[in-house]
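Report on the structure
Here is how the chains run, residue by residue.
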Amino acid sequence: MEAVYEKYFRDNLPHIWCPGCGNGIVMSALARALDKLGYPQDDILLVSGIGCSSRMSGYMDLNTVHTAHGRALAFATGAKVCEPRLKTFVVMGDGDAAAIGGNHFIHACRRNIDMTAIVINNSIYGMTGGQFSPLTPTGKRATTAPYGSIDRAFNLVDLAKGAGATYVARGDVFHAAQLTNLLVEASRHKGFAVVEAVATCPISFGRYNNIPEPADMLFWLRDNTVTVQQAAKMSDEELTDKIIIGKHFETEAVEYCEEMARLLADKQADNEKAGDENEV
Amino acid sequence: MTEIKNKHVQLMQGNEACALGAIKAGASFFGGYPITPSTEIAEYIAREFPKLGRYFMQMEDEIASIGAMIGASMVGHKAFTATSGPGFSLMQELIGYAAVAEIPLVIIDVMRFGPSTGLPTMPQSGDIMQARWGTHGDHSIIALSPSSVQEAYYTTIRAFNLAEQYRTPVVVLLDEKIGHLREGFDISQDLEPEIINRADFVDKAATSAGGGKYLPFANTPSGVPPFVPLGQGERYHFTGLTHNQAGFYTADAEQVATFMHRLCHKIEDHVNEIAEVEQLDCAGADCVIIAYGAVARSAQEAMVELQSQGYKVGLLRLKTIWPFPAEQIREICADKKLVVMPEMNMGQLAVEAKAALIGSGVPFHSITQVNGRLIAPAPIMQAVIEQMAEHSVKQGGGR
């Protein structure tokens with residue numbers, strides 16, 4: 001893998017992330033993906049929410065916006081509609097995207113607006129010290145689920161697909177090269193693309209769930225991930241607790257900014273015509 | 001509607017006048033969510049914006065609405081929304097974001113009776129303090145309050161101008177009565193209103209203050225840093241975290257304090273330029289009625305009737321609510337014998353007006369009404385007459 005750090009990172013590192021955190025792996029995957037995509041940095045918009053992962057916007061040398069908790073997609077939608085030329089990436093955490101920002105998430109999927117939503121899923125609220133999120137698997141422990149979570153978890157892939165996203169993939173921080181490729185593919189896709197990046201949080205998740213060592217968390221990912229292709233040949237029982245990685249879904253649908261442009265062109269033409277008639 | 005000048009007088013609704021004002025001001029993004037009694041604004045914009053090549057979006061809720069507005073404004077568009085109490089409440093967190101990230105925005109809040117769902121189709125000046133202190137933390141804000149349909153048009157234009165000039169969210173506090181009022185509207189003989197754009201404040205000298213590097217939150221003498229929209233070649237960072245001049249997080253005590261003071265002072269230090277009041281017969285009056293919004297119309301009627309009965313009464317109408325024109329009020333009212341202030345709430349702004357008169361010795365009487373109805377002239381007249389008697393001000397008498 002090529003080192004592209006100097007080009008895409010600001011000079012305000014080091015970052016705030018804990019030792020063993022997966023966020024840096026996702027950030028480097030994004031940097032490599034941007035390098036492959038070759039967009040001018042001035043034309044890239046990176047919007048993030050609030051949480052550990054969302055600090056990424058401060059580190060990358062792009063047009064960056066660190067928004068409010070859960071609201072990254074709302075900010076990005078307004079910016080993208082007004083400036084469709086901006087290649088837009090939105091980085092959120094699992095609580096950020098699926099809990100407080102859940103409404104914005106499903107509606108961004110529904111609109112099919114052309115941007116790449118990266119949901120870094122470490123199964124926990126890390127910045128506040130380890131509370132369970134809507135993506136924490138049932139039974140896993142957290143500071144607010146000391147006896148194991150009784151909540152059912154979202155399957156973000158199914159949620160995104162059901163809500164209307166036109167590209168849905170899941171990667172993880174053990175398979176960093178694949179994650180890079182998924183991000184490239186997601187960005188090239190015309191429409192709303194969701195990439196769930198399953199990440200490690202040894203401090204706030206692993207520690208409460210008997211995997212406190214960073215390396216062990218990565219091995220846990222290695223041992224519990226199966227590709228979409230492998231999963232197709234496996235039974236539901238075999239797939240219990242497995243994380244299915246790869247491209248899950250891609251389809252074509254009308255993209256929001258293009259539809260907006262069409263509406264504006266039509267109505268402006270009608271307006272000019274009406275104006276000409278009034279003059280006569 | 002765009003050829004409005006040829007039509008001279010037309011019957012127009014307050015909400016429509018706001019929409020028309022926004023179009024005139026150059027608004028190019030609307031993000032909103034339907035809510036009574038503001039919905040006519042969204043409907044008007046949904047119809048007119050596409051014809052003008054501008055963006056109307058109906059969002060999933062009010063939080064998304066203001067989020068999208070902030071995004072649109074960051075990349076250089078004049079963004080606005082229309083809402084009412086419950087929706088305005090949902091927007092509060094991001095109003096704080098817009099204050100801290102210094103994002104120009106216009107929020108037209110057509111105030112309805114609250115709290116909660118309240119009386120959705122009935123008026124109350126219920127959001128006076130929500131507009132000022134609805135979000136957490138110290139910040140300043142601009143809020144304007146028109147009293148007629150025609151004024152709603154010019155107030156909206158002014159709101160956009162002030163938002164750009166001071167890099168701040170601006171709230172237009174329209175009460176339901178003005179929002180839904182239909183009255184004559186004729187701007188055909190008026191001068192073209194001034195339209196202020198963001199680029200008016202960006203010059204090379206200002207942007208290169210940081211040694212060739214653009215500082216999006218520079219400590220400029222005016223307190224307002226020039227705003228180069230995101231995506232136009234200056235790659236910089238926005239955050240709701242307390243930030244340094246370059247826009248990055250800082251917890252340094254001195255930098256935090258400098259930032260906070262600039263954020264408040266950039267507006268509060270310019271109160272005399274921002275805050276507009278209108279005086280009717282205040283000079284020589286014994287009693288001044290202070291009013292704003294639709295209530296000012298009743299107050300004016302009461303003033304005229306009282307004058308015909310021989311009372312020396314004037315009206316001080318607040319066209320700007322925040323920043324509060326305390327100094328102007330003190331100057332106008334300090335030598336009076338009585339000040340009364342009718343409001344369609346439990347006296348939200350009376351607290352400020354009373355504070356402005358502390359030490360002047362002028363008796364201050366707050367008239368409140370919270371029954372979902374516009375205050376009529378009669379109770380204002382009655383209060384003035386009773387209070388004048390109580391404070392021994394003779395009818396038509398001098399000092």
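Residues numbered from 1 in each chain as written. Chains lettered and ligands numbered in written order. Predicted model: local features only at pLDDT ≥ 70, side-chain atom pairs only at ≥ 80, totals over all residues. Heavy atoms only, no water.

1. Side note on helix H7 (residues 156-163) of chain A
Residues and elements named next belong to chain A. Going by this rule: Between buried and exposed lies partly exposed: a residue is buried under 20% and exposed over 50% of the maximum accessible area for its type, with that area taken using a 1.4 Å probe on protein chains only. Under the scheme used here, helices are H or I runs from DSSP no shorter than 4 residues and strands are E runs no shorter than 2 residues, and both carry numbers assigned from the N terminus. Read the arc as the range of directions from the helix axis to the C-beta atoms. Should any heavy atoms of two residues lie within 4.5 Å, those residues are considered in contact. Under this definition, polar contacts are N or O atom pairs within 3.5 Å; protein pairs additionally need one hydrogen-donor-capable and one acceptor-capable atom, and for neighbouring residues in sequence, both atoms have to be side-chain atoms.
Taken together, the buried positions of H7 are Leu-156, Val-157, Ala-160 and Ala-163. Angularly, the buried residues of H7 cover 145 degrees about the axis, an arc narrow enough to put them on a single face. Exposed side chains of H7 directed beyond 90 degrees from the buried face belong to Asp-158 and Gly-162. Those residues of H7 hidden inside the fold are in contact with helix H5 (94-100), helix H6 (102-111), strand S4 (115-121), strand S5 (167-172), strand S6 (192-198) and strand S8 (243-250). Where H7 begins, one side-chain oxygen reaches toward the backbone nitrogen of Val-157, 3.1 Å away; that side chain belongs to Asn-155. Gly-164, located one to two residues past H7, shows a positive phi value of around 115 degrees.

2. A short note on unusual backbone geometry
Residues and elements named next belong to chain B. Put simply, Gly-114 and Pro-115 share a cis peptide bond, and its omega is 5 degrees. Residue placement: Pro-115 occurs in the loop between strand S5 (105-113) and strand S6 (119-123). The omega angle of the peptide bond from Trp-322 to Pro-323 is -5 degrees, so this bond is cis rather than trans. Along the chain, Pro-323 turns up in the loop between strand S14 (320-322) and helix H13 (326-333). Look at Arg-167: it is not a glycine, yet its phi comes out positive at around 50 degrees. Summarising the element assignment, Arg-167 is placed in the loop between helix H7 (149-166) and strand S8 (169-175). Although it is not a glycine, Asp-281 adopts a positive phi angle of roughly 55 degrees. Structurally, the position occupied by Asp-281 is in the loop between strand S11 (277-280) and strand S12 (287-291). The class of Asp-281 is partly exposed, set by a relative accessible area of 46%.

3. So, helix H1 (residues 14-25) of chain B
Residue and element names in this part refer to chain B. Operational definition: A helix is expected to reach a length of 1.5 Å times the quantity of its residues less one.
Relative to the 16 Å expected for twelve residues at 1.5 Å per residue, H1 spans 16 Å between its end C-alpha atoms, a close match to the ideal helical length. In terms of burial, H1 is a largely internal element, eleven of the twelve residues being buried. Gly-26 sits one or two residues past H1 and shows a positive phi near 95 degrees.

4. A few points about the interface of chain B and chain A
Put simply, the rule is: Here's the idea: put two parts together, see how much 1.4 Å probe accessible area each one loses, and the total over both is what we call buried area. Whenever a carboxyl oxygen of Asp or Glu lies within 4 Å of a side-chain nitrogen of Lys or Arg, that contact is scored as a salt bridge.
Counting residues at the interface gives 39 residues for chain B, matched by 38 residues for chain A. Of the roughly 3,200 Å² buried where chain B meets chain A, counting both sides, 60% is carbon and sulfur surface. Taken as a group, B:Tyr55, B:Glu60 and B:Arg235 account for 22% of the area that chain B buries against chain A, more than any other trio of residues on that side. Across the contact surface, chain B and chain A share three salt bridges. Two residues, A:Asp42 and B:Arg235, come together in a salt bridge whose shortest N-O distance is 2.8 Å. Taken together, the links from chain B to chain A amount to 16 residue pairs in polar contact (both at pLDDT 80 or more). Put simply, the parts of the chain that give the side of chain B that touches chain A at least two residues each are strand S3 (55-58), helix H3 (62-74), helix H5 (92-100) and strand S10 (237-239) of chain B. No other element matches the eight residues that H3(B) contributes to the side of chain B that touches chain A.

5. Looking at the sheet that holds S12(B)
Residue and element names in this part refer to chain B. Inclusion rule: If DSSP finds at least two bridges between two strands, the strands pair. Interaxial angle, 0 to 180 degrees, is taken between N-to-C directions of lines fitted to C-alpha atoms, where a helix line uses only the stretch in contact.
Across the sheet, five strands lie side by side as S11-S13-S12-S15-S16; this open sheet has mixed pairing. If you trace the sheet from one side to the other, it starts and ends with S11 and strand S16 (364-368), each paired once. The mean angle between the axes of side-by-side strands here comes to 20 degrees, regardless of whether they run parallel or antiparallel. Here S12 pairs with strand S13 (residues 313-318) via five bridges, running parallel. If you follow Val-288 over to S13, its bridge partner there is Gly-314. Helix H12 (residues 295-308) contacts S11, S12, S13 and strand S15 (338-343) of the sheet and is inclined by roughly 170 degrees relative to S13. On top of the sheet, H13 reaches S11, S12, S13 and S15; it is set at about 175 degrees to S13, its chief contact.

6. Regarding the packing of aromatic side chains
Residue and element names in this part refer to chain B. The cut-off we apply is this: Pairing of aromatic rings covers Phe, Tyr and Trp, the last through its six-membered ring, and needs centres within 6.5 Å; plane angles under 30 degrees mean stacked, over 60 mean edge-to-face, and all others mean tilted. Throughout this description, the term charge over a ring refers to an Arg CZ or Lys NZ atom that lies within 6 Å of the ring centre and within 35 degrees of the ring normal.
The full count for this structure, using the stated rule, is 14 aromatic pairs over all chains. Seen from their ring centres, Phe-30 and Phe-56 are 5.4 Å apart, and the 15 degrees between their planes marks the pair as stacked. With Phe-30 in strand S2 (residues 29-32) and Phe-56 in strand S3, this pair connects stretches of sequence that are 26 residues apart. Of the two residues, Phe-30 and Phe-56, neither departs from the other in class, the shared state being buried. Through pairs of rings, three or more aromatic residues link up here, namely Phe-30, Phe-49, Phe-56, Phe-80 and Phe-160. Its guanidinium or amino end placed over the ring of Tyr-44, Arg-47 lies 5.2 Å from that ring's centre, counting from NZ or CZ. The residue whose ring lies beneath Arg-132 is Trp-322, and the NZ or CZ to ring-centre distance is 6.0 Å.

7. Some thoughts on the pattern of salt bridges
Any two side chains of opposite charge can pair if their charged atoms end up close together. Residue and element names in this part refer to chain B. For the structure shown, the criterion picks out 30 salt bridges over all chains. A salt bridge links Glu-176 to Lys-177; its shortest N-O distance comes to 3.3 Å. Residue classification places Lys-177 among the partly exposed positions, given a relative accessible area of 32%. In the salt-bridge network here, residues are joined through shared partners; they are Glu-151, Arg-158, Glu-276, Glu-278, Arg-317 and Lys-319.

8. So, the domain arrangement of chain B
All names here are of chain B. To keep it simple, the criterion reads: Domain boundaries shown here were taken from an automatic or database domain assignment.
Split by domain assignment, chain B resolves into domain 1 (4-185) and domain 2 (279-390). For domain 1 and domain 2, the distance between their C-alpha centroids amounts to 27 Å. In this assembly, 28 residues from domain 1 lie in contact with 22 residues from domain 2. Note on domain 1 versus domain 2: buried area summed over both sides is about 2,000 Å², and carbon and sulfur give 55% of it. It is Ile-128, Ser-145 and Ser-147 in domain 1 that bury the most area against domain 2; as a group they hold 26% of the surface buried on that side. The residue Glu-151 makes a salt bridge to Lys-319 at a minimum N-O spacing of 3.8 Å. One can count 16 residue pairs in polar contact (both at pLDDT 80 or more) joining domain 1 with domain 2. Within the residue set of the side of domain 1 that touches domain 2, elements represented by two or more residues are S6, helix H6 (128-133), strand S7 (142-144), H7, S8 and helix H8 (176-180). Looking at the side of domain 1 that touches domain 2, the element that brings in the most residues is H6, giving four residues.

9. Looking at the sheet that holds S6(A)
The strand order S7(A)-S8(A)-S5(A)-S6(A)-S4(A)-S3(A)-S1(A)-S2(A)-S10(B) describes an open sheet built from nine strands, whose pairing is mixed. Pairing within the sheet leaves two strands with one partner each, and these edge strands are strand S7 (225-227) of chain A together with S10 of chain B. Recorded for the sheet is a direction-independent mean angle of 20 degrees between the axes of neighbouring strands. Strand contacts of helix H9 (residues 214-224) of chain A: S5, S6, S7 and S8 of chain A, with the helix running at about 40 degrees to S7(A), the strand carrying the most contacts.

10. Some points on the layout of surface pockets
The cut-off we apply is this: The rule is simple: put a 1 Å grid over the protein atoms alone, call a set of points where a 1.4 Å probe fits but cannot get out a cavity, call an open set with protein on both sides within 12 Å along at least five of seven lines a pocket, and count a residue as lining if it has an atom within 4 Å of a point. Grid points are joined across faces, edges and corners, and a volume is the space filled by probe spheres set on the points. Just so you know the grouping, Ala, Val, Leu, Ile, Met, Phe, Trp, Tyr, Cys and Pro go in nonpolar, Asp, Glu, Lys and Arg go in charged, and all remaining residues, Gly too, go in polar.
A volume near 800 Å³ is recorded for the largest pocket. Lining the largest pocket are 27 residues, with A:Pro137, A:Arg170, A:Asp241, A:Lys242 and A:Ile243 positioned closest to its centre. For the lining of the largest pocket, the secondary-structure elements that each account for two or more residues are H7, S6, H9 and S8 of chain A. Each residue belonging to the lining of the largest pocket can be placed in one class, and the counts come to twelve nonpolar, eight polar and seven charged. Of the volumes computed, that of the second largest pocket is approximately 350 Å³. Along the walls of the second largest pocket sit 19 residues, with B:Gly96, B:Tyr97, B:Val100, B:His136 and B:Gly240 positioned nearest its centre. In terms of residues, the lining of the second largest pocket owes the most to one element, H5(B), which gives five residues. Classifying every residue of the lining of the second largest pocket gives eight nonpolar, nine polar and two charged.

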